[in-house]
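Working through the structure, step by step
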Amino acid sequence: MTALPTPPPCPDPECAGCGVTDLNFVRAAAAGWSLVLGRLRCRLCASGFPDWMRRSF
């Protein structure tokens with residue numbers, strides 16, 4: 001019997017603005033992270049953009 005390969009770990013979400021990471025995407029969404037121009041940004045970095053540019057994920 002052969003062992004099943006383990007999937008690679010999911011990367012931690014990283015802010016495209018300041019580089020801060022969160023534990024997982026659920027916690028990042030709960031903390032108010034947003035997609036701005038297709039890039040993931042923390043709440044602080046996303047606050048510099050107008051509301052129409054931000055979208056929750």
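Below is a summary of the structure that appears in this document. (Residues numbered from 1 in each chain as written. Predicted model: local features only at pLDDT ≥ 70, side-chain atom pairs only at ≥ 80, totals over all residues. Heavy atoms only, no water.)

**Brief notes about the environment of Gly-17**
- By secondary structure assignment, the location of Gly-17 is in the segment before helix H1 (25-30).
- Along the sequence, Gly-17 and Leu-37 sit 20 residues apart, while their C-alpha atoms lie 12 Å from each other.
- Other than its neighbours up to four places away in sequence, Gly-17 contacts Arg-41 and Cys-45. (Helix = DSSP H or I, 4+ residues; strand = E, 2+ residues; numbered from the N terminus. Contact = heavy atoms within 4.5 Å.)

**Overview of the nonpolar core**
- Core analysis: the largest hydrophobic core is formed by 7 residues, namely Cys-15, Ala-28, Trp-33, Leu-35, Leu-40, Cys-42 and Cys-45.
- Leave out the neighbours within four places in its chain, and Leu-35 touches Leu-40, Met-53, Arg-54, Arg-55 and Phe-57. (Core = buried A, V, L, I, M, F, W, Y, C linked by side-chain atoms within 4.5 Å. Buried < 20%, exposed > 50% of the residue type's maximum accessible area, 1.4 Å probe, protein only.)

**Structural notes on unusual backbone geometry**
- A positive phi angle, close to 55 degrees, is found at Leu-37, a residue other than glycine.
- Along the chain, Leu-37 turns up in the loop between strand E1 (34-36) and strand E2 (39-41).

**Concerning the sheet that holds strand E3 (residues 54-55)**
- One open sheet holds the 3 strands; their spatial order is E2-E1-E3, and the pairing between them is antiparallel. A strand with exactly one partner marks an edge of an open sheet, and here the two such strands are E2 and E3. (Pairing = 2+ DSSP bridges.)

**Considerations on the side chain of Arg-41**
- With respect to the element layout, Arg-41 can be found in strand E2.
- Buried charge Arg-41 goes without a salt bridge, the closest partner of opposite sign being Glu-14 at 11 Å.
- Contacts of Arg-41, omitting those with residues within four sequence positions, involve Cys-15, Ala-16, Gly-17, Trp-33, Ser-34, Val-36, Ala-46 and Phe-49. (Lys, Arg positive; Asp, Glu negative; His and termini not counted. Salt bridge = Lys/Arg side-chain N within 4 Å of Asp/Glu carboxyl O.)

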